[in-house]
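Architecture and fold: a report
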Amino acid sequence: MVDAAIQTSTTQSTDASVPQIDTALVGDLLMGTWADTRRQARELIKDSAFWRDDSLGKDEHRERVLTQMHLLVENSAVHRAFPKRFGGEENNGANIAGFEELVVADPSLQIKSGVQWGLFGSAVLQLGTAEHHDRWLPGIMDLSIPGAFAMTEIGHGSDVAAIGTTATYDAATEEFVINTPFRAATKEFLGNAALHGIAATVFAQLITNGVNHGVHCFYVPLRGEDGEDLPGIGREDDGLKGGLNGIDNGRLSFDNVRVPRTNLLNRYGDVAADGTYTSAIDSPGRRFFTMLGTLVQGRVSLDGAASWASALGLYIAITYATQRRQFDGADGQETVLLDYGKHQRRLLPRLATTYAQLFAHDEFLQKFDGVFSGRTDTSEDREDLETLAAALKPLSTWHALDTLQECREACGGAGFMFENRFVGLRADLDIYVTFEGDNNVLLQLVGKRLLTDYARQFKGKDTAALAAFAVGQTAGKVFHGAGLRAFGQAVADLGSTARAVEHGLREEQQHELLADRVQQMVADIAGRLRPAAKASKAEAGRLFNENQAELIEAARAHGELLQWEAFTDAVNRVDDAGTKQVLTWLRDLFGLQLIEKHLAWHLINGRLSTQRAAAVSSYIDRLCRRLRPHALDLVNAFGYEPEHVRAPLASGAEKQRQDEARAYYADLAAGGEAPVLEKTLKKKIRK
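Per chain, residue numbering runs from 1 following the sequence as it is written. Local features in this predicted model are restricted to residues whose pLDDT is 70 or higher, and side-chain atom pairs enter the listing and the counts only when it is 80 or higher, whereas totals over whole chains, interfaces and linings include all residues. Side-chain numbers here rest on the full set of heavy atoms in the structure, without hydrogens or water.

**Here we look at the overall build of the protein chain**
- Put simply, DSSP marks the helices as runs of H or I at least four residues long and the strands as runs of E at least two long, and each gets a number from the N terminus on. A count of helical and extended segments in the protein chain gives 24 helices and 13 strands.
- If you line up the protein chain on its principal axes, its C-alpha atoms span 105 × 70 × 45 Å.
- Scored against the burial criterion, the 687 residues of the protein chain give a buried share of 54%.
- Two residues form a contact once any of their heavy atoms are found within 4.5 Å. For the protein chain, the share of sequence-separated contacts (at least 6 apart) that also reach a separation of at least 24 residues comes to 75%.
- Approximately 29100 Å² of the protein chain is accessible, and the part contributed by carbon and sulfur atoms is 53%.
- Where the 74 positive side-chain charges of the protein chain centre and where its 91 negative ones centre are 7 Å apart. Note on classification: 1.4 Å probe, protein chains only; a residue is buried when its accessible area is under 20% of the maximum for its type, exposed when over 50%, partly exposed between these limits. For accessible areas, the Shrake-Rupley method is used with a probe of radius 1.4 Å. Any residue's cover is judged against the shown protein chains and nothing else. The convention is simple: Lys and Arg are positive, Asp and Glu are negative, and His and the chain ends are not counted. To locate a charge, the coordinates of NZ of Lys, CZ of Arg, CG of Asp or CD of Glu are taken.

Right, dumping it as structure tokens:
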């Protein structure tokens, strides 16, 4: 078992002028609005019964995770979002926060729980009515009705509107007939589908009286009381996957499967006994997006879980890097890994990004809770929530894979050992980048929203106002394109890197550079797409396709800006001077590494002089050196205890080995028994 006493601060100086971190304060900031729930969840999963057992094969792993889910039920750990009349808390933010923490126990447990209660259960809760709640929610909550969320098809993943499964109403029997008309319409990659699920919420094209009213959700039993699959149900096991093998993913198909009319989850659309369709939302498109919007919590939880998985990886790698020594240093001792500039560059910017993501996630979770509690539930709020989900989930899930891989490499061969967590976490989180929507498709949705918001600026404007705007845009392009701003920077900097930083790389300038990039990219894309409004459908499609990559990049830049702003908001909430200073350095590191990543854009568009651009990388190196003494404090603030970490690399064992080795050589030297090095002997002979 790991030794908690080994985990001490790396802040070396006792000089009162050196800032010190209040680790508990930072931990509270990171845990966010639902810190108490997170701590409850972490206390629960300190029990080894919840831990991933790496020795298990696929089948045994699946059964272990199912057992763990029953333990969650027994501990009332999964009912926070459900109605109070069923024993829930109606606390949506706390529900997501608790689920996210399961990722450090076993990502398979986190995702399978999310399937059962966050997708299957949520579909009944959010798309059904009180009648459906009474019939099915108690069994869903206590796990007597394990279920699958049957949306994705082999032929259609992110494009849900085009799924092929049909639900055709038969007025003679008052039943819907569910069919898989072709192989590509088979429901695929469904958790709980291979083995454990006895029911599913099935998304299908609702057809009645010869009219297709678009995608709706149906509650479909899969097994009878005898435990056998019902007639017409096709079930296949997806088998071994690249990760998350504690989940029984599988396929479902339907051959004339009949369900009662009342099994339509009809909150947003209903079919009467005679087949008449009604909905309070007249627009089929708006109705579809409203229904999908009620299920956004999957993306919310993936954003948080991926960010905390990155935190765990960095905790392990940075702890190890403060103990592992390699190559002789100036003092005759081997050098600690984190004292090397390259090692700092590998890990500390990723640490800064993880902090930014956790702060942004808490704001995101507050928005989610406001919408789902009804406090701030307007169409605009839901649209904002969807956009946030589509912007942040891609960044955090990509970052998790990148961070876990870099942490693995930074720990050498030891990082490749399964016991040290990186390999398993990296494999399990790989699917997060396409869960709940492919990341690039999600960012495209964000880009389209940015273009819509851009166009709204001109709605209702008269010709004179539009002409004035056009002149301003032209002036802006001339100013930046001619390099006037960059020239002004060069004059102001007067050849000094320190002055370049002082004049142009502080908080205000970081925000200006990050925000300006988003605004200019969107304006440029909008300008190039303007002819599409009057073009043929084919020509409009060609124009959009030509700008698709840049639109996705603009959306990514928008997400990064949101994270930077959330980080800054968190820094501004801190009163403790030392903590505020260190977090400001960490925020600056996050902002400047974003600017460094896109230096070419800033130079081409005249936002930075070459001199100030060169200063960006120099200042990043300086920030890494400033943050080095605080690195262990910053990862300790994540609040992980030995039972959560479970990685020998971060247990203090490496420090004990290094201390033992140094003591051995010191004893040899003190006793006069140390052998003479050949190169030392040759130097003496030459003299």
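**Some thoughts on the pattern of salt bridges**
- Here, a salt bridge means any Lys or Arg side-chain nitrogen found within 4 Å of an Asp or Glu carboxyl oxygen. Tallying each qualifying case throughout the model produces 53 salt bridges.
- Between Arg-345 and Glu-596 there is a salt bridge, and its shortest N-O distance comes to 3.0 Å. Of this pair, Arg-345 sits in helix α9 (residues 341–373) while Glu-596 sits in helix α18 (residues 577–597), and the two are 251 residues apart along the sequence.
- The exposure class of Glu-596 is partly exposed, given its relative accessible area of 22%.
- A salt bridge links Arg-350 to Glu-406; its shortest N-O distance comes to 3.7 Å. On the criterion of sequence distance, the pair formed by Arg-350 in helix α9 and Glu-406 in helix α10 (residues 379–410) is long-range, its members being 56 residues apart. This pair shows no difference in class: Arg-350 is buried, exactly as Glu-406 is.
- Via salt bridges that share partners, Lys-367, Asp-381, Glu-383, Asp-384, Arg-449, Asp-453 and Arg-456 belong to a single interconnected network.

**A word on the confidence of the model for the protein chain**
- Residues of the protein chain with pLDDT of at least 70 account for 90%, and the chain-wide mean is 90.
- One number per residue, pLDDT, summarises how confident the predictor is, and it ranges from 0 to 100. Counted against residues more than four places away or in other chains, residues 1–13, with its pLDDT under 50, gives 34 contacts.
- The low-confidence segment residues 490–495 (pLDDT under 50) makes 14 contacts with residues lying over four places distant or belonging to another chain.

**Side note on the side chain of His-598**
- Topologically, His-598 is positioned in the loop between α18 and α19 (599–604).
- In contact with His-598, not counting residues within four places along its chain, are Arg-517, Glu-553 and Glu-560.

**With respect to the sheet that holds strand β4 (residues 187–190)**
- Strands are labelled as partners when DSSP assigns at least two bridges between them. Pairing in this open sheet of 3 strands is antiparallel, and the strands run β4-β8-β7 from one edge to the other. In this open sheet, the two edge strands, each paired with only one partner strand, are β4 and β7 (233–237). Direction aside, neighbouring strands of the sheet carry axes that sit 20 degrees apart on average.
- By the bridge criterion, 5 bridges tie β7 to strand β8 (residues 250–254) in an arrangement that is antiparallel. The partner of Ile-233 across the bridge, within β8, is Phe-254. A fitted line through C-alpha atoms represents every axis, and for helices the fit uses only the stretch in contact; the resulting angles, taken between N-to-C directions, go from 0 to 180 degrees.

**Some words on unusual backbone geometry**
- The backbone phi angle of Glu-90 is positive, close to 55 degrees, even though this residue is not glycine.
- In this structure, Glu-90 sits in the loop between α3 (58–74) and α4 (92–101).
- The exposure class assigned to Glu-90 is partly exposed, which follows from its relative accessible area of 45%.
- At Phe-189, a residue that is not glycine, the phi angle is positive and equals roughly 65 degrees.
- As for its placement among the helices and strands, Phe-189 is situated in strand β4.
- For Phe-189, a relative accessible area of 55% gives the class exposed.

**Here we look at the layout of surface pockets**
- Using a grid of 1 Å spacing that covers the protein atoms alone, one calls a set of points a cavity when a 1.4 Å probe fits there but cannot get out, and a pocket when the set is open and has protein on both sides within 12 Å along at least five of seven lines; lining residues are those with an atom within 4 Å of a point. Grid points are joined across faces, edges and corners, and a volume is the space filled by probe spheres set on the points. When its volume is computed, the second largest pocket comes out at roughly 500 Å³.
- Forming the boundary of the second largest pocket are 16 residues, of which Asp-328, Gly-332, Glu-334, Tyr-665 and Leu-677 lie nearest the centre.
- Residue assignment for the lining of the second largest pocket shows that the elements contributing at least two residues are β12 (325–328) and α23 (653–670).
- The dominant element in the lining of the second largest pocket, judged by the number of residues it contributes, is α23, at 7 residues.
- Here the term charged refers only to Asp, Glu, Lys and Arg, the term nonpolar to Ala, Val, Leu, Ile, Met, Phe, Trp, Tyr, Cys and Pro, and the term polar to all other amino acids, Gly among them. The residue makeup of the lining of the second largest pocket, split by class, is 8 nonpolar, 3 polar and 5 charged.

**Topic: the UniProt feature "domain: Acyl-CoA oxidase/dehydrogenase middle" (unreviewed entry) in the protein chain**
- Mapped onto the present numbering, the UniProt feature "domain: Acyl-CoA oxidase/dehydrogenase middle" (unreviewed entry) falls on residues 148–257.
- For residues 148–257, helix accounts for 0% and strand for 45%, while the C-alpha atoms at its two ends are 16 Å apart. UniProt positions are given in the numbering used here, feature names are shortened, and annotations may be inferred rather than shown by experiment.

**Some points on the environment of Asn-212**
- The residue Asn-212 is located in strand β6 (residues 211–221) in this model.
- Considering only alpha carbons, one finds Asn-212 and Ala-167, 45 residues apart in sequence, at a separation of 9.4 Å.
- Setting aside residues no more than four positions away along its own chain, Asn-212 makes contact with Gln-205, Leu-206 and Ile-207.
- Here Gly-214 takes part through its backbone nitrogen, which lies 2.8 Å from a polar atom of the side chain of Asn-212. Any pair of N or O atoms that falls within 3.5 Å is considered a polar contact. Within protein, one atom must be able to donate a hydrogen and the other to accept it, and sequence-neighbouring residues count only if both atoms are side-chain atoms.

**Overview of the environment of Gln-509**
- For Gln-509, the position within the fold is in helix α16 (residues 507–529).
- Using a relative accessible area of 23% as the deciding quantity, one classes Gln-509 as partly exposed.
- For the pair formed by Gln-509 and Gly-591, sequence separation is 82 residues and the distance between their alpha carbons is 9.9 Å.

**Considering helix α6 (residues 130–142)**
- The span expected for a helix works out to 1.5 Å for each residue beyond the first. Given a rise of 1.5 Å per residue, 13 residues ought to cover 18 Å, and the 18 Å separating the end C-alpha atoms of α6 matches this to within 8%.
- When α6 is considered as a whole, its buried residues turn out to be His-132, His-133, Trp-136, Leu-137, Gly-139, Ile-140 and Met-141.
- Against the buried residues of α6 lie α3, α5 (107–127) and β6.
- Residue Leu-143 follows α6 closely and has a positive phi angle near 75 degrees.

**Some remarks on the packing of aromatic side chains**
- Pairs were defined over the aromatic rings of Phe, Tyr and Trp, the Trp ring being its six-membered one, requiring ring centres within 6.5 Å. Orientation was assigned from the angle between planes: stacked under 30 degrees, edge-to-face over 60, tilted for the rest. The final tally for this structure, using the stated rule, is 15 aromatic pairs.
- Ring centres 6.3 Å apart and planes at 25 degrees place the aromatic pair Tyr-355 and Phe-567 in the stacked group. Here the residue Tyr-355 occupies a position in helix α9, and Phe-567 occupies one in helix α17 (residues 537–572), the gap between them amounting to 212 residues. In this structure, Tyr-355 and Phe-567 share a single accessibility class: buried.

**Topic: helix α20 (residues 610–627)**
- For α20, spanning 18 residues, the distance from its first C-alpha to its last is 26 Å, which sits close to the expected 26 Å at 1.5 Å a residue.
- All buried positions along α20 are accounted for by Arg-612, Ala-613, Ala-615, Val-616, Tyr-619, Ile-620, Leu-623, Cys-624 and Leu-627.

**A short note on the pairing of strand β5 (residues 199–208)**
- By the criterion of burial, β5 is predominantly enclosed, with 9 of the 10 residues buried.
- Relative to β5, strand β1 (residues 147–150) runs parallel, the two being bridged by 4 bridges. Bridging across to β5, Gly-147 finds its partner in Ala-199.
- Relative to β5, strand β2 (residues 166–170) is paired through 3 bridges, and the arrangement is parallel.

**So, the nonpolar core**
- Ranked by internal contacts, the top residues of the largest apolar core, which has 166 residues, are Trp-117, Tyr-355, Leu-429 and Phe-638.
- With 15 residues, helix α8 (residues 297–321) is the single largest residue contributor to this core.
- When neighbours within four sequence positions are excluded, Phe-638 is seen to be in contact with Leu-30, Met-31, Arg-42, Trp-308, Ala-311, Leu-351, Thr-354, Tyr-355 and Leu-358. We define the nonpolar core as a collection of buried residues of types Ala, Val, Leu, Ile, Met, Phe, Trp, Tyr and Cys that are connected through side-chain atoms lying within 4.5 Å of one another.

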